[in-house]
Amino acid sequence: MSFAFIAIALSKKSEVGVRDRVEVLAARRGLTKIFTSSRLLVFATPNYESNLLDDAVGVLIGDVYCRHVPARAFDGRPENATRVSSAQRDGRLSAEYWGSYIALTTSPDGSCRVERSPFGTINAYYTVEAGTLMIASDASAVIEIANRSRVVDWDSVIRHIIWDNLSTLSTCLTGISEVRSGEAIASDGQSEISPECVWDPWMFTRGDAMIEDAETAVELVRREILRCVAARMISNVSYAVDLSGGLDSSIIAAAAAKSACALRSTTMFSAGNDGDERNFARAVADHLRIVLDEGAPDPMGPDLLRAARAHLARPHSRSFVQETDRISLELATKQGVGTFLNGQGGDAVFCHLQSSGPAADVIRYHGRTPRFAYMAFQVARAAQCSAWDIAVKGMKKALKGKKHDDWHSDVTFLASEARSVKLNGGLPWPAPSERALPGKVEHVHALYNSIYNMNGYARSDILKGEFPLLSQPLVECCLRIPTWLWIGRGRNRLIARRAMERDLPRKIAWRISKGGLGQFQLRMMRARRPLIREMLMDGRLSEVGILNRAEIESQLSDDMSFRSNDVGRILRLCDVEAWCRG
């Protein structure tokens, strides 16, 4: 279901044949014309809801929900459509509504505007050719409409490798830009297009927005979890929860189980201490009385040479996810499931920082009080490390602060020339109006990291994927809660645990351990080492001088030489290599 729409915004300079190319492409891909005017032409797939706005100004594609009730904004009543249209005209769409949508509209001055909802899963790639704005949810469609060839932007690829999971202003395809989550663009056919942020995370991190009372925070988080999950549940659709047995997926399962919808769950397991969590997943499924399907991904299953979701303009997908996607899709097809619910973003939303950020925030906000020592102890207890170490790092971080544009970088295995490439701005969030607390900067960064990773599931091309924890009202609520309230009792994500503990088995609500697929990736690496070595030593990344071949040769010389800490990095380079080969 990744292909949602194609649109063009025409100008007086527009090429004569561009409308015909769009019509042909839309027909070939099974899209229907849903809006047309002298300026704007929009096609969409029937898999996505689309609603016309008042006064024939445009259309919204996707799911739009009311802010304060779990109800769809378009319910057939004209007055509700009028309210949405009014909010769009006044620039209040993301403030008064939420969901996963693209708004394509025209204005009286003849310009065209494209707005993408915060945390929306419908992509929007665009280019301008001869005064025509060409935009689609599929980058390959934009290239075809523009009558161009697919050309990799190598500088952007380098930035992508160094600052992974960050959607910078330029994509990894030359001439293709993106309307990112919470952004809008406007085109009049003449001026250069500049993105505008329509959602500002820093509004919810200011002192005047802070929720300082823990009990209030617990109740608000519970209310938003239940409301945001309920809004996504449609009575005639069958759902499957990706149930790892961890806290985040279990919270989604508990909230979804309160609906009257057909619901089941799926868990993946592999050999190794971190890979088999069936005991936890079964406990949740039994407690909620939902069916649990179990699958075992094969380390030899992923095709490292194939880039899943290659039609997107960045290498989002991870090769090791191919197997979990395949198994989940097979089970969904067999069981008649139409939508999967995934806990992506839970750690970010519920402020699982794994840093001294909460301690730094306490000393910055409250000063040198006993609260600081208490928080340093709580962070250390949750992370199972030295409280003294956390205290020292927290004081340093409080003094130094954390810049909003200081995104984590990694130059491992890159050639010296590649390491000199600069980020050059283009961040997907605005600058804060006041100095933000260090932990809150880390909280915001984690959220944007999760937004990027929503695109990593290839089954989203067939099934509808929902990520309920990355719902705008819930995110905004959690941003208002100070970082120090999220840590306590030797646990992270404390507010979320307390909010949903009544609906979960105690061993799930308060579990400390956290599973993963680290051992699975390690076995992939060992089994496919010769192929990985060939891909990275003789592939396109090496050909254009991005990789340090000597370091990679040393790392992959035999099964015992590579360090387990570098497994994820090596496989990520393979993902990028496969996407570049395209």
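Please read these numbers as outputs of a predicted model, since none were measured by experiment. (Residues numbered from 1 in each chain as written. Predicted model: local features only at pLDDT ≥ 70, side-chain atom pairs only at ≥ 80, totals over all residues. Heavy atoms only, no water.)

Draft legend 1. Focus on the packing of helix 6 (residues 214–232) against helix 7 (residues 247–256). Two elements in contact, helix 6 and helix 7, have axes whose closest approach is 9 Å; the angle formed by their N-to-C orientations is 70°. It follows from the interaxial angle that helix 6 and helix 7 lie roughly perpendicular. When you trace helix 6 past helix 7, the crossing you get is right-handed. Contacts from Ile225, Leu226 and Val229 of helix 6 reach helix 7 at Ile251, Ile252, Ala255 and Ala256. Class assignment of the residues belonging to the contact of helix 6 with helix 7 gives a composition of seven nonpolar, no polar and no charged. (Axes fitted to C-alpha atoms, helices over the stretch in contact; angles between N-to-C directions. Helix = DSSP H or I, 4+ residues; strand = E, 2+ residues; numbered from the N terminus. Parallel < 35°, antiparallel > 145°, perpendicular 65-115°, else oblique. Left-handed = near helix turned anticlockwise from the far one by under 90°. Contact = heavy atoms within 4.5 Å. Nonpolar A, V, L, I, M, F, W, Y, C, P; charged D, E, K, R; others polar.)

Draft legend 2. Fine view of the sheet that holds strand 12 (residues 196–197). Reading across from one edge, 4-5-6-7-11-12 is the order of the six strands in this open sheet, with antiparallel pairing throughout. Two strands close off the open sheet at either side, each with one partner strand: strand 4 (50–52) and strand 12. (Pairing = 2+ DSSP bridges.)

Draft legend 3. Expanded view of the side chain of Thr171. Secondary-structure assignment places Thr171 in the loop between helix 5 (154–162) and strand 10 (177–178). The class of Thr171 is buried, set by a relative accessible area of 0%. Within the structure, the side chain of Thr171 is placed 3.2 Å from the backbone nitrogen of Leu173, a separation counted as a polar contact. Of note is the side chain of Thr171, whose polar atom sits 2.6 Å from the backbone oxygen of Ile176. Once residues within four sequence positions are removed from consideration, Thr171 is found in contact with Tyr125, Asp153, Ser156, Ile176, Ser177, Glu178, Ala313 and Arg314. (Buried < 20%, exposed > 50% of the residue type's maximum accessible area, 1.4 Å probe, protein only. Polar contact = N/O pair within 3.5 Å; in protein donor to acceptor, adjacent residues only side chain to side chain.)

Draft legend 4. Region of interest: the packing of aromatic side chains. The final tally for this structure, using the stated rule, is 10 aromatic pairs. When the ring of Tyr457 is compared with that of Phe467, the centres are 5.8 Å apart and the planes differ by 40°; the resulting orientation is tilted. Here Tyr457 is found in the loop between helix 15 (438–453) and strand 17 (464–466), whereas its partner Phe467 is found in the loop between strand 17 and helix 16 (472–479), with 10 residues between them in sequence. Overall, the relative accessible area of 14% leaves Tyr457 in the buried class. Aromatic rings pair up to connect Phe119, Trp199 and Phe204 into one cluster. The aromatic ring of Phe340 is capped on one face by Arg459, whose charged end is 4.1 Å from the ring centroid. (Phe/Tyr/Trp six-rings, centres within 6.5 Å; stacked < 30°, edge-to-face > 60°. Lys NZ or Arg CZ within 6 Å of the ring centre and 35° of its normal.)

Draft legend 5. Looking closely at the nonpolar core. One finds Val157, Val221 and Phe350 to be the most contacted residues of the largest nonpolar core, which totals 157 residues. For this core, the element with the most residues is helix 23 (residues 567–581), which contributes nine residues. Non-local contacts of Phe350, meaning those with residues more than four positions away in its chain, are made with Val221, Ile225, Asp248, Ile251, Leu469, Leu474, Cys478, Trp486, Arg493 and Ala496. Leu40, Val42, Tyr126 and Leu133 belong to the second largest nonpolar core, which has 24 residues in total. (Core = buried A, V, L, I, M, F, W, Y, C linked by side-chain atoms within 4.5 Å.)

Draft legend 6. Representation of helix 12 (residues 370–383). Taking 1.5 Å of rise per residue, 14 residues should cover 20 Å, and helix 12 covers 20 Å from first to last C-alpha, within 8% of that figure. Residues Phe372, Met375, Ala376, Gln378, Val379, Ala380 and Ala382 constitute the buried set of helix 12. Close packing links the buried residues of helix 12 with helix 11 (357–366) and helix 13 (387–400). Positive phi appears at Gln384, one or two residues downstream of helix 12, with a value of about 55°. (Expected span 1.5 Å × (residues − 1).)

Draft legend 7. Spatial organisation of unusual backbone geometry. Positive phi is not limited to glycine here, since Phe119 has a value of about 65°. Take Phe119: it is sitting in the loop between strand 7 (112–116) and strand 8 (125–129). Non-glycine residue Arg489 carries a positive phi angle of around 55°. Note on Arg489: relative accessible area 45%, which makes it partly exposed.

Nothing here speaks to function; it is all geometry.
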